[in-house]
Amino acid sequence: MKTLLAALLAAAAATASAEDPVLATPPALVRQVPPELPPGTVFPAPEVVVVLGIDVSATGEVEAVRVEEGAGEPFDSAAAAAARRFAFEPGRLASGEAVPVTITFRLRIVEPPRAPAEPPPPPLVALTGTLLERGTRRPLADVPVAARRGEETLATATTDADGRFLLRVPAASFELVAAPIDHQRLAVPVEAKPGEEREETFYLEATAGEFATVVHGERIRREITKQVIPADELAVLPGSQGDTIKAALNLPGAARAPFGGGALILRGSSPADSAAFIDGLQIPQIYHFGGLRSTFAPRFLESLEFVPGNFAADFGRLTGGIVNVRVRDPARDMLRGEADFNLYDAGVAMEGPLGSDWAVGGAFRRSWIDSILPLFVPSDSNVSFTSAPRFYDYQFLTTWTPSEKDRVRFMFFGSQDKVVLLFKRPANDPLITGNLSARIAFHELQALWSRQLGPDLRQESWVAVGLQTFDTQIGPQLFFNLDTRRLDARSTWSWQATRLLEARAGLDVQLTHYDISLDVPQPPKEGEPPGVPVSSRPRLQTTQSGTFNDPAAFLELRISPTEDLQVVPAVRLDWSEAIQRWSVDPRLAARWRVAPATVLKAAVGVYQQQPQPDESAREIGNPNLQYERSLSTSAGVEHSFLPGVDLDVTGFYKALDQLVVRNLAANVLPSQAPYLNTGVGQVYGVETLLRARVGERFFGWVAYTFQRALRTDRPGEAERRFDFDQPHNLTALGTYQLSSRWSLGARFRLVSGNPRTPVTGSVFDAVNDVFVPLFGPVNSTRLGPFHALDLRVDRTWTYDRWKLGAYLDVQNVYNRGNPEATSYSYDFRQSQPTTGLPILPILGVKGEW
């Protein structure tokens, strides 16, 4: 039976062998990877064995690994990880076909030979440091820092946004080195104890000049001629006494005002035809009495935009030019401040963060010329000061950034000027007796909100409320009192439709309520000589109140067919409630970069301005007047000769019409309108600006303007010179940084004298007991030329946490007696020139922290 069973089993096996495939060749190991054990692994025996089950695919790759007999961790994991990286020659059947096979693999892990014991490394020295700019405490970010011993670098780090770094150095003695750009090199030895944790702050002095600026990109240009100058450059210009806004008068296109009073006379336009703005908000007065100081202190100014003509559609209601001052946000990094004391005024400012999202700042300035000026007035002078000229101005700002897309700013600022004079003896005019007092003040509160609504859409809106006061009293009879309360609002939306097209649109609203009362002599208009005695002039008397709503809208497109060409068509729509008329002002500007260093530019536009309030007032003027109008054209070229050396040449022509002039017939026919739109004029010229920056030590410019401004008041009359026609105006200035402590600057000006109307005789006015002059042709003669040299010297002492500076700014160094006007005897038979300011030194000190 057993024999039979064995025979049956043998036959079944033979049958199976004939039908099933037979593995002829098992997988052969081609690549073995040694297991990787963590450093310091302790072996329980010199050799550790891990039995693995490995699934080898038909291509020889490891598909799966299982630990069948382990030796514990970390050996099992290391063995399995190593086996997954094995490579095999696949197993094959007798037919030669490759097939997947599961094998059992015994992996032996042998303990490596033990190295001789080494002494443990010394504990690391942890050095935490901070790099700050000496004097300003500004953090120096992104500066590589290294710990070195000889030529060996032991550790490296880079400072963060706060100037901080951390080095873990495997040595107790080493040298700490760093070389920030434009600052002195840091190389200090460090002697520490092993394992010590220490913290140090290093103050590195700036080696570049005070005038270094970082340019992040070119702002889109919408005006053909627009000079944008950083505030730090303007602050040290000679002749400006550190006043940023005053530097605008050194640029081409700006005529020099009599006595340096600071009036904006741009491209042959009257001062009333141009305006100053603080971040788009028009202010009534840009300079204090005398023009030595602007009404907005420079602490929070970012830059100054000077556009003498063909300005963008954002601005209107003017036919001249604009000066727009950009205000920066208060500092967010730390508490900062400054104090400035000089012979003319004193000012303080503070700024800093208030939480993570808020920053605040404030500044206040007051003159003390009222304490000094009486010392220079002769005791026998006809004038004494009951209250000498004095002024103050203030600025308070706070910004809130609730998100990366939103920015909110509140700004409260204002200014006041006041003077009271006492005439000890009656003047030649009987009405000019007793006291003369004047007070000019304004206060503005502005709230601004800007938001990035999307990658292509942005809006900026602001609203401002303001109070303005102008009070003048001359003796017991003459007075002028004006109080205005104004609401200004502006909203601008920008949409980058495509790469080739950007659209900007906005609303610009002015709502003004006024209260006025006056009893004054009729003031002379442009072209009328100012020498007529007050007693002989007609008197204007009125008391009234009213409200004017003057809305406007503007639309502007920026079309860029290529990267080198920009065409900017725009239109502005204004309503004047005073004369009940609309104005539509189309404008067009273009810039074409014809070469990498050369740009051609051109612009044309209509600019309309409503008459002055006294001209359109119903009781004393003509409410049926039309807008004064200017068709302004300009063309020019900008060329960069070398890095830092640029030339800007612009030619311009302005055709003026509908100018408001006095109606002479109204002198004999009271029923006639006192003013008419019969005046025309033309202004033409060339503005040239050559700017140079040589390294970080020198910057300056030469500005030259050739200009003719002519007027014709009434049909049939001869063309005459404009009151401020200045054919030649040359300004050359520069500042040189002698060292990190000393700088020297100079300014030279040469300007044609202003036109004047000659006095040819006089007649006696028996009614008013004064002599009245008789005049020759209007503006037919000219005063002598103006020229003056100004110098400025700055000395800086830099301490770790603050800086102290001293400066001497001297105007009219060689004491030139420049003619500014002509004064006459009581009967106008004798005359002598009235000269401007003599040599005027301003010595001051300024501390910053």
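Structure shown above.
The structure reproduced in this document is the subject of the present report.

Criteria and thresholds
Residues numbered from 1 in each chain as written. Predicted model: local features only at pLDDT ≥ 70, side-chain atom pairs only at ≥ 80, totals over all residues. Heavy atoms only, no water. Salt bridge = Lys/Arg side-chain N within 4 Å of Asp/Glu carboxyl O. Helix = DSSP H or I, 4+ residues; strand = E, 2+ residues; numbered from the N terminus. Buried < 20%, exposed > 50% of the residue type's maximum accessible area, 1.4 Å probe, protein only. Pairing = 2+ DSSP bridges. Axes fitted to C-alpha atoms, helices over the stretch in contact; angles between N-to-C directions. Patch = residues over 30% accessible without salt bridge, like charges linked within 9 Å, V, L, I, M, F, W, Y side chains within 5 Å. Areas by Shrake-Rupley, 256 points an atom, 1.4 Å probe, with all protein chains shown as cover. Contact = heavy atoms within 4.5 Å.

1. A word on the pattern of salt bridges
Under the counting rule described, the total for this entry stands at 55 salt bridges. Here Arg85 makes a salt bridge to Glu36, at a shortest N to O gap of 3.7 Å. A residue pair is termed long-range when its members are at least 10 positions apart, and Arg85 in the loop between α2 (75-83) and β5 (87-89) and Glu36 in the loop between β2 (28-31) and β3 (47-56) qualify at 49 residues. On the basis of relative accessibility, which here comes to 44%, the residue Arg85 falls in the partly exposed class. Glu36 sits in the exposed class, given a relative accessible area of 61%. Linking Arg714 and Glu717 is a salt bridge whose minimum nitrogen-to-oxygen distance equals 3.1 Å.

2. Section: the sheet that holds strand β11 (residues 152-158)
Overall, antiparallel pairing links the four strands, which are arranged β11-β10-β13-β14 in an open sheet. Each edge of the open sheet carries a strand with a single partner, namely β11 and β14 (186-191). Taken over all neighbouring pairs, the strand axes of this sheet differ in orientation by 25° on average, direction set aside. Sheet topology note: the strand β10 (residues 144-149)/strand β13 (residues 173-178) ladder contains four bridges and is antiparallel. From the neighbouring strand, Val145 faces β13, where its bridge partner is Ala178.

3. Some points on a nonpolar patch on the surface
The grouping of Leu343, Tyr736, Leu738, Trp742, Leu744, Val793, Leu808 and Leu843 at the surface amounts to a nonpolar patch, some 700 Å² of accessible area in total. By the element assignment, Leu744 lies in strand β40 (residues 742-751).

4. Some thoughts on the side chain of Ser560
Within the secondary structure, Ser560 sits in strand β30 (residues 539-562). Beyond its immediate sequence surroundings of up to four residues, Ser560 is in contact with Leu500, Leu565 and Gln566.

5. Comments concerning α2
Of all nine residues that make up α2, seven are buried, and the element is covered over most of its length. Within the span of α2, buried status applies to Phe75, Asp76, Ala78, Ala79, Ala80, Ala82 and Ala83. Turning to α2, the residues buried within the fold contact β3, β4 (62-69) and β8 (101-110).

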